[in-house]
Amino acid sequence: MPVWGARQAPAGGSAKLSSSRVCNRGSLRTVAVLDFLEAQIEALRASGSYRNPDDGNDRLRVMENARALGAEFIDASSNNYLNRSDYFPDVSRETQLSVPPGQLARLGAGASRLIHGTRPEHSELEAALSKWVGLERALLFSSGYAANVGVISALVRPDDLIISDELNHASIIDGCRLARAQIHITAHCDSSAIEAALLANAATHRCWVVTESYFSMDGDSPDLHAIRHLCNNYGAVMIVDEAHALGVFGPQGSGLCSASHVNADVLIGTFGKALGAQGAFVASSRVATNWLWNRARSFVYSTAMSPLLATSIEANVRAIRADDEARTRLGRMAFWFRSKLDANQIPVTAHSHGPIIPILYPNPTRAIKAAASLGQLGILTQAIRPPTVPENSSRIRLTLHAGLNQSQLERLVDSVIQTCTQ
Ligand code: PLP
């Protein structure tokens, strides 16, 4: 009779179990049977794309550099565009709303949404989100990755066709793969390529067009109007990932679809960027969200979001909607910053706009060196290399946030110009 927790010998006897060599390094166990991965890691090293988890905390290192120079530390690498992640939001109003007097907000939901994990905090946040983006219903997910994978794979059927931008985020790509549908990849932000794919396929397949509204590594945007028009003409469904646009663009920060007066059929938003927290949502029709409630596996088979987190995010949604001043400031900063780079002939990605400012360094080693030089000056940036971006398009991904003051911004631009023109 098997005993829970006891290690069972595999079929064939205990000799096989001992072949999984388990060695001890000090008091910690290492697993020799996985050492074959070392050769794969070596291949990553040889191609210059290995990321070493033991490199330590870059942020701390750059902060120390800033301190040693007597300068302020500047974070020009995060997606915290509205500077919300540094503060615990004022949840007092929500605490009154959702939690009986004298009790603290709950940390854990205790179960998945379908198995009694649904709390008033979830429903209140979903109502606030659907109102914000102007769609009938919203559904929370534990991350943007989980949302894209769960939503696309649940909505799209194997005999459908997905038309996907070549630079779409990995979570969109993985959602498309999981759907087991045909996937047609189009050139970046190319509406005519989308039209050609629809023309060739719409009569025989249900078609889904999926794009980001503000591309995270390029800082550019597709023509959402044109895509909406094409989807209407060919009866296709339009899925838009607004991860980096929500909070930053549009009336009350409601995103680029809203700014372009375009209704996406399915809209994904994440809380890890301008919302300053963690998690994500999908917004769509009642019918679609009812289906996702039943069939999006990353929603159904996952513990519901922490009610405390949901309450905090709702407070941030309200604050962000009201803070046009921060959005306008961020927009002006980005415009000013770009004009300085332009005047110094520093190449940024074509058509980029807003707070994501990618400076191109086709050679990944040079991109890493440039990020290290900025780090020496107390400025945290990120060198982005393949496979995150295509070969020969490494870059320093600079991001601005609303918390930067004018003197920090000037120091940032001067340091970037100095580093990039060396
Ligand atoms: N979608 C886009 C466009 C993203 O850039 C990201 C994250 O970088 C995600 C989805 C995933 O979001 P999360 O970090 O919440 O998993």
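These numbers were taken from a predicted model, which means no experiment stands behind them.

Cut-off values and rules
- Residues numbered from 1 in each chain as written.
- Predicted model: local features only at pLDDT ≥ 70, side-chain atom pairs only at ≥ 80, totals over all residues.
- Heavy atoms only, no water.
- Helix = DSSP H or I, 4+ residues; strand = E, 2+ residues; numbered from the N terminus.
- Rg over C-alpha atoms; globule rule 2.2 N^0.38 Å.
- Contact = heavy atoms within 4.5 Å.
- Areas by Shrake-Rupley, 256 points an atom, 1.4 Å probe, with all protein chains shown as cover.
- Lys, Arg positive; Asp, Glu negative; His and termini not counted.
- Charge placed at Lys NZ, Arg CZ, Asp CG, Glu CD.
- Near = heavy atom within 4 Å.
- Polar contact = N/O pair within 3.5 Å; in protein donor to acceptor, adjacent residues only side chain to side chain.
- Nonpolar A, V, L, I, M, F, W, Y, C, P; charged D, E, K, R; others polar.
- pLDDT = per-residue confidence, 0-100.
- Axes fitted to C-alpha atoms, helices over the stretch in contact; angles between N-to-C directions.
- Parallel < 35°, antiparallel > 145°, perpendicular 65-115°, else oblique.
- Left-handed = near helix turned anticlockwise from the far one by under 90°.
- Disulfide = S-S within 2.5 Å.
- Buried < 20%, exposed > 50% of the residue type's maximum accessible area, 1.4 Å probe, protein only.
- Pairing = 2+ DSSP bridges.

**Quick notes on the overall build of the chain**
(1) Moving on: Regarding its fold elements, the chain presents 17 helices and 14 strands.
(2) Moving on: Over its C-alpha atoms the chain spans a radius of gyration of 24 Å, differing by no more than 12% from the 22 Å that the globule rule assigns to 422 residues.
(3) Moving on: Along the first, second and third principal axes, the C-alpha atoms of the chain reach 75 × 60 × 55 Å.
(4) Moving on: When contacts within the chain are restricted to residue pairs at least 6 apart in sequence, those whose partners lie at least 24 apart make up 70%.
(5) Moving on: Split by element, the accessible area of the chain, about 21,300 Å² in all, is 54% carbon and sulfur.
(6) Moving on: Considering the chain, the positive charge centre built from 39 side chains and the negative charge centre built from 38 side chains are found 6 Å apart.

**Structural notes on the site of the ligand**
(1) Moving on: Taken together, 13 residues lie near the ligand, and Gly144, Tyr145, Asp241, His244 and Lys273 sit nearest.
(2) Moving on: Within the contact set of the ligand, an oxygen atom lies 2.7 Å away from a backbone nitrogen or oxygen of Gly144.
(3) Moving on: Measuring from an oxygen atom of the ligand, one finds a backbone N or O atom of Tyr145 at 2.9 Å.
(4) Moving on: Summarising the interface, the protein chains cover 81% of the accessible area of the ligand, which totals 390 Å² for the free molecule.
(5) Moving on: The element best represented in the shell around the ligand is helix α7 (residues 144–155), accounting for three residues.
(6) Moving on: Residues of the shell around the ligand, tallied by class, amount to two nonpolar, eight polar and three charged.

**Comments concerning the confidence of the model for the chain**
(1) Moving on: Of the residues in the chain, 90% have a pLDDT of 70 or more, and the chain-wide mean is 90.
(2) Moving on: Counting interchain partners and residues more than four positions distant, the pLDDT-below-50 stretch residues 1–19 has eight contacts.

**A closer look at the packing of helix α16 (residues 364–376) against helix α17 (residues 406–420)**
(1) Moving on: In contact at an axis separation of 10 Å, α16 and α17 are set at 140 degrees when each is read in the N-to-C sense. The angle between α16 and α17 falls in the class oblique. For the element pair α16 and α17, the recorded crossing hand is right-handed. Residue-level inspection shows Ala370, Ser373 and Leu374 of α16 in contact with α17, the latter providing Ser415, Val416 and Thr419.
(2) Moving on: Among the residues forming the contact of α16 with α17, the class breakdown is three nonpolar, three polar and no charged.

**With respect to the state of the cysteines**
(1) Moving on: As enumerated under the stated definition, the model contains zero disulfides in all.
(2) Moving on: For Cys207, which is in no disulfide, the shortest distance to another cysteine sulfur is to Cys231 and amounts to 9.0 Å.

**Looking at the pairing of strand β4 (residues 137–141)**
(1) Moving on: Burial analysis of β4 places four of its five residues in the buried class, which makes it a mostly covered element.
(2) Moving on: Relative to strand β10 (residues 280–284), β4 is paired through five bridges, and the arrangement is antiparallel. What sits directly across from Ala138, in β10, is Ala283.

**Describing the sheet that holds strand β7 (residues 207–212)**
(1) Moving on: On the basis of which strands lie adjacent, the open sheet formed by seven strands has the order β4-β10-β9-β8-β7-β5-β6 and mixed pairing. Since the sheet does not close on itself, it has two edges, and those belong to β4 and β6 (182–186), each with one partner. Going across the sheet, the axis of each strand differs from the next one's by a mean of 20 degrees, ignoring polarity.
(2) Moving on: When strand β5 (residues 161–165) meets β7, the two strands line up parallel, connected through four bridges. The residue of β7 that forms the bridge with Ser164 is Val210.
(3) Moving on: Across the sheet, helix α8 (residues 170–179) touches β5, β6, β7 and β8 (237–241), and the angle it forms with β5 is around 165 degrees.
(4) Moving on: Docked against the sheet, helix α10 (residues 224–234) engages β7 and β8, running at close to 155 degrees with respect to β8.

**Details of the pairing of strand β11 (residues 356–360)**
For a regular strand, the rule is simple: side chains alternate between the two faces of the sheet.
(1) Moving on: Across the five residues of β11, four count as buried, placing the element largely inside the fold.
(2) Moving on: Bridging between β11 and strand β14 (residues 395–399) involves five bridges; their strand directions are antiparallel. The partner of Ile356 across the bridge, within β14, is Thr399.

**Side note on the packing of helix α15 (residues 324–343) against α17**
(1) Moving on: Contact geometry of α15 with α17 gives a least axis separation of 10 Å together with a crossing angle of 30 degrees. For the element pair α15 / α17, the angle class is roughly parallel. Two packed elements cross with a definite hand, and for α15 against α17 that hand is right-handed. Contacts from Met333, Trp336, Phe337, Lys340 and Leu341 of α15 reach α17 at Gln406, Leu409, Glu410, Leu412, Val413, Val416 and Ile417.
(2) Moving on: Residue composition of the contact of α15 with α17, by class: nine nonpolar, one polar and two charged.

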